[in-house]
Amino acid sequence: MRILTADQIRKAEETAFERYFTEAELMKKAGEKCFEKIIEYYGEIIRAKKISVVCGNGKNAGDGFVIAKKLREYGAEPEIVIADKFPTLPEPLMYLEEAEKAGVKAVPFEETTLSSVLVVDCIFGIGFHGEPREPFSKVFDSVNNCGAKIVSVDTPSGTNASAGTVYKAVKADLTIAISTLKYCHILPPANNYCGKTVVVNIGIPDDCFDFDCPLTITKKFVKSCFTKRNKNSNKGQNGHLLNICGSYLMPGAAVICAKAALKTGVGLLKCVFPKSVYPVMTSHLIQPVFSPMSENEDKTLSMGALNKISNELEWADAVAIGCGLGKNDDTEVIVNQVIRGSEVPVVLDADGINCVVANIDVLKDAHAPLVLTPHPGEMARLTGLSVAEIEASRIETAKKFASENSCVLVLKGADTVVTDGKSVFVNTTGNPGMAMGGTGDMLTGMIGSFIAQGMDCYSAAKCAVFIHGMCGDITAEEISVRGMTIEDMLELLGALMSEFE
């Protein structure tokens, strides 16, 4: 699915008006499709109840007037609430008159009380930017404080459709995006105002979208990346993954990364770790080959392990390095040498990323493909930008970094960004329950596993973030957002892979 700016969706709509529809026809279709979604989610609670459809005076209001008329036909008691001025544009005005003829009252905001059951937000559409002037700031407050479920049409009013910026906005429980996702649906902090976002197709043909844009990762794509295993395959043909992870203070990261790789089908896994971590590794894992190595006084891997690590690289089909590794002179040397010396793809996470910050140009010395999986804090260290700057331009920053360093970049967080520097994909699976220690280690193991089994790095990253988020979503639904743990997700992961075989 496409992710568009306000200018891009306007261009697509203008092309549709020229080739296929009148503006009035498309507005009616949008309102009808939004009405259908409202009924799907809230139909049981709104019949014979007062519903407030809060409208501005632009084109988004036209969708609201169509919705109000349909709600009246459904058996609800909608009231159109005019936030500021009554519309003057011909299409919205036509649908306002039709709603009033059907028995829907239209009243100024100051002369009514908002519904405590459901409020439909059609105040602004994709055209809003900046800070809301009065009376809209007051209207936003009233909507947010009325105690009703809130549905925003296309974008929550007050969010910038082309960015993630918000000064003050309606905070929706459900946002119904028209035709495609917009940047505000996937970029912070605006995505936090959207609640659950669903997209309705209003029939704009594909030939109206003749421009490059980020896309979402789809289940159909992920399924296409997995092939059926040969009946006569053996463990050696299902991938060799070398994990270089863990330290005395963070052994769990190595365990999580290893379990995720095993649960996603890698044939052989070898774990390199400091020798003092051996009891933890062997008490939690039985399937990998263990390769404990020399350590320094911090009980992280020492430079003395380099020769053995170099030998292990010759065995591997892919390498995952960094989870719980620790950061000091020894681990920096090890990470840099692995990047330079590996002839197979390397997945760099956590302390693996921190270990190249002082020598970022080492990424250009790699002989094999690289995948980096930073969270915003690590991305800030890699680029010299602030976390706020990273979050304000996640897509552009990730794409630029991947292009400049010839790598696949996975910028983690809500709506994870995956890019090879040419195209950009955004993942829409996942939930806030995954904001806990260890989820990144799990993702690294999954990416490494998929690469070792033969996927290209870009496909492996996209598949892993999608399945990782899907695993989190199912776990949250079965347990709870607050109560779910990494162990819960790992327990589910193996069975979840059945959907992709």
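None of these values were measured; they are calculated from a predicted model.

K.L.:
Residue-level account of the sheet that holds strand β15 (residues 346-348), with values.
P.N.:
Within the open sheet, the 10 strands sit side by side as β10-β19-β18-β17-β16-β15-β14-β11-β12-β13. Their pairing is mixed. Looking at which strands have only one partner, the edges of the open sheet turn out to be β10 (215-216) and β13 (289-293). As defined by bridge partners, strand β17 (residues 408-411) adjoins strand β18 (residues 417-419) across three bridges and the pair is classed as antiparallel. Within β18, the residue paired with Val410 across the bridge is Val418.

K.L.:
So what's going on with the packing of helix α2 (residues 23-46) against helix α3 (residues 59-74)? Which residues, and what values?
P.N.:
Contact geometry for α2 and α3: axes closest at 8 Å, N-to-C directions at 50 degrees. Of the possible angle classes, the one that applies to α2 and α3 is oblique. When you trace α2 past α3, the crossing you get is right-handed. From α2, Glu23, Met27, Lys28, Ala30, Gly31, Glu32, Cys34, Phe35, Ile38, Ile39, Gly43 and Ile46 reach across to α3, where they touch Lys59, Gly62, Asp63, Val66, Ile67, Lys70, Leu71 and Tyr74. The residue inventory of the contact of α2 with α3, partitioned by class, reads 11 nonpolar, three polar and six charged.

K.L.:
Outline the pairing of strand β3 (residues 77-82), listing residues and values.
P.N.:
Most of β3 sits inside the fold, with five of its six residues counted as buried. Summarising the sheet, strand β2 (residues 50-55) and β3 pair through six bridges and their orientation is parallel. When the sheet's bridge partners are listed, Val54 is paired in β3 with Val81. In this view, the connection linking β2 to its parallel neighbour β3 by way of α3 has right-handed handedness. Examined bridge by bridge, β3 and strand β4 (residues 105-108) share four bridges and lie parallel to one another. Within β4, the residue paired with Ile82 across the bridge is Pro108. A crossover links β3 with its parallel partner β4, the connecting element being helix α4 (residues 90-101), and its sense is right-handed.

K.L.:
Any details on the side chain of Asp330? Residues and values, ideally.
P.N.:
Among the secondary structure elements, Asp330 is positioned in helix α11 (residues 329-341). The contacts of Asp330, once residues within four sequence positions are left out, are Asn296, Leu301, Ser302 and Met303.

K.L.:
Mind laying out the sheet that holds strand β6 (residues 149-153), listing which residues take part and the relevant values?
P.N.:
Across the sheet, seven strands lie side by side as β4-β3-β2-β5-β6-β7-β9; this open sheet has parallel pairing. Each having just a single partner strand, β4 and β9 (196-200) make up the two edges of the open sheet. Between one strand and the next, the sheet's axes are offset by a mean angle of 25 degrees, whatever the strand orientation.

K.L.:
Explain the environment of Gly413 to me, and be specific about the residues and the numbers.
P.N.:
With respect to the element layout, Gly413 can be found in the loop between β17 and β18. Classification of Gly413 as partly exposed rests on a relative accessible area of 39%. Residues Gly413 and Pro376 lie 37 residues apart in sequence; the distance between their C-alpha atoms is 7.5 Å.

K.L.:
Give me helix α5 (residues 136-145): which residues, what numbers.
P.N.:
Every α-helix winds through 3.6 residues per turn, so residues three or four apart in the chain are directed the same way. Looking only at α5, the buried set comprises Phe136, Ser137, Val139, Phe140 and Val143. All buried residues of α5 lie within an arc of 160 degrees about the axis, which places them on one face of the element. Within α5, the exposed residues directed more than 90 degrees away from the buried face are Lys138 and Asn145. Elements that come into contact with the buried residues of α5 comprise β2, β5 (118-122) and β6. Positioned one or two residues after α5, Gly147 has a phi angle of 85 degrees, which is positive.

Cut-offs and rules
Residues numbered from 1 in each chain as written. Predicted model: local features only at pLDDT ≥ 70, side-chain atom pairs only at ≥ 80, totals over all residues. Heavy atoms only, no water. Pairing = 2+ DSSP bridges. Helix = DSSP H or I, 4+ residues; strand = E, 2+ residues; numbered from the N terminus. Axes fitted to C-alpha atoms, helices over the stretch in contact; angles between N-to-C directions. Parallel < 35°, antiparallel > 145°, perpendicular 65-115°, else oblique. Left-handed = near helix turned anticlockwise from the far one by under 90°. Contact = heavy atoms within 4.5 Å. Nonpolar A, V, L, I, M, F, W, Y, C, P; charged D, E, K, R; others polar. Buried < 20%, exposed > 50% of the residue type's maximum accessible area, 1.4 Å probe, protein only. Right-handed = clockwise from strand over helix to strand, strands pointing away. Arc of directions from axis to C-beta.

In short, shape yes, function no, at least from these values alone.
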